[in-house]
Amino acid sequence: NADMAVYEAKTAGRATYHFYDGEMGKRFARNVRIETRLRQALQNDVLELHFQPKVDLLSERCVGMEALLRWNDEELGAVSPAEFVPIAEHTGIILALGDWVFEQAFRHILEWQEQGVQVPPIAINCSAAQLRRPDFLSKLLALLDQYKVDPSLLEIEVTESILIKDAEGCAELLRQISRLGIKLAIDDFGTGYSSLSYLKDLPFDYVKIDQVFIRDIIEDKNHAILTKAIIGLSHDLNLKVIAEGITNIEQLIYLQEFGCDIGQGYFFSKALGANSMSSDPMIVALNEQDDSID
Ligand code: C2E
Ligand code: MG
Ligand code: MG
Ligand code: MG
């Protein structure tokens, strides 16, 4: 195998020699492997959705869950969506994968409701390629109709990069989604090159500040200043702010002080399997709260 790589590199010419010999070659091989196994995983239905709670920072109650893909491959072991989602995006698998995620999310909501669980809004991550499909809206409408899920139980998260590449193209679709009563969040905010002024004309409800800002909000004064500014500006634009990646109480206290609305992170909970929905303390608390109101 190594001989083959050297042979190929030599025949490809000197300039490319190092590409075949080192990390890049391994990276490439793994990506191809992930692509193959991912197609298989979709076909064999071995992917899963897990759900990470979102917590209201004033009441500290669960106000939603984010659906996150989980894949434990027979051969590759656990592969993170941070690794395989970009590959799915490059190879076009994201369309089938996205369809699977939407269908699963609807199915889980229906199942939980049948179990008597008080289901909080479920946020689904959506890649740009999915939103660019001409049939995105009709597929969504078909699912709403088939599963009889209340649109107010759904949120869609799209990353900030979509605003830069595709703001015009997406605006009308986003408005149509919003008109259905589905909430929209801009994900990983602060890492791209967009500005909050983009958001002014688009029907977003939430801004999710990227974890990199939260991670060293204590140590890095600039990140604290930026976080505070994003929260202030978002509020001026009538957007609620979600902080991602809260891992300790010090970060939480900062964010509460800055007026951040909602938080997510290992400090509260990791993403949970669908089955733990009826037993997880946060969801149980949500149900008890609603019972006491009735
Ligand atoms: P994201 O949407 O920004 O999701 C947040 C990521 O941060 C998740 O990683 C979550 O597990 C992780 N996280 C949450 N709290 C903490 C924390 O306190 N500390 C740290 N270090 N991490 C935390 P995950 O599940 O690996 O997903 C990575 C990315 O993959 C997601 O980022 C999203 O962009 C993408 N992704 C996941 N599921 C889907 C999906 O169903 N569809 C699409 N299109 N993309 C997805
Ligand atoms: Mg997200
Ligand atoms: Mg994010
Ligand atoms: Mg992310």
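As annotated in an unreviewed UniProt entry, the chain carries the name EAL domain-containing protein and comes from Marinomonas transparens.

**Student:** I would appreciate a short explanation of the site of ligand 1 in the present structure.
**Tutor:** Residues in close proximity to ligand 1 total 22 residues, the closest being Arg-70, Asn-125, Asp-187, Gln-211 and Tyr-266. Between a nitrogen atom of ligand 1 and a side-chain N or O atom of Ser-127, the distance comes to 3.0 Å. With respect to ligand 1, the backbone of Tyr-266 contributes an N or O atom lying 2.8 Å from an oxygen atom. Summarising the interface, the protein chains cover 83% of the accessible area of ligand 1, which totals 810 Å² for the free molecule. Listing elements by their share of the shell around ligand 1, those giving two or more residues are strand S2 (62-73), helix H4 (81-91) and strand S6 (183-189). Take the shell around ligand 1: its biggest share by element is 4 residues, from S2. In the shell around ligand 1, the residues fall into 8 nonpolar, 9 polar and 5 charged.

**Student:** Help me understand helix H7 (residues 136-147) in this model?
**Tutor:** Helical geometry: 3.6 residues make up each α-helical turn, so side chains three or four residues apart lie on a common side. Taking 1.5 Å of rise per residue, 12 residues should cover 16 Å, and H7 covers 17 Å from first to last C-alpha, within 8% of that figure. Considered for burial, the residues of H7 that qualify are Phe-136, Leu-137, Leu-140, Leu-143, Leu-144 and Tyr-147. For H7, the arc enclosing every buried residue in end-on projection is 125 degrees, short of the 170-degree limit, so these residues lie on one face. The exposed set on the far side of H7, more than 90 degrees from its buried face, consists of Asp-145 and Gln-146. Among the residues trailing H7, Lys-148 stands out with phi positive, at a value near 50 degrees.

**Student:** Please explain the pairing of strand S7 (residues 206-209) as it appears in this structure.
**Tutor:** Within a regular strand, the side chains alternate between the two sheet faces. What you see with S7 is no split at all: Tyr-206 and Lys-208 on one side and Val-207 and Ile-209 on the other are buried throughout. Bridging between S7 and strand S8 (residues 240-243) involves 4 bridges; their strand directions are parallel. Residue Tyr-206 lies in a different strand from S8, and its bridge partner there is Lys-240.

Rules used throughout
- Residues numbered from 1 in each chain as written.
- Chains lettered and ligands numbered in written order.
- Predicted model: local features only at pLDDT ≥ 70, side-chain atom pairs only at ≥ 80, totals over all residues.
- Heavy atoms only, no water.
- Near = heavy atom within 4 Å.
- Polar contact = N/O pair within 3.5 Å; in protein donor to acceptor, adjacent residues only side chain to side chain.
- Areas by Shrake-Rupley, 256 points an atom, 1.4 Å probe, with all protein chains shown as cover.
- Helix = DSSP H or I, 4+ residues; strand = E, 2+ residues; numbered from the N terminus.
- Nonpolar A, V, L, I, M, F, W, Y, C, P; charged D, E, K, R; others polar.
- Expected span 1.5 Å × (residues − 1).
- Buried < 20%, exposed > 50% of the residue type's maximum accessible area, 1.4 Å probe, protein only.
- Arc of directions from axis to C-beta.
- Pairing = 2+ DSSP bridges.

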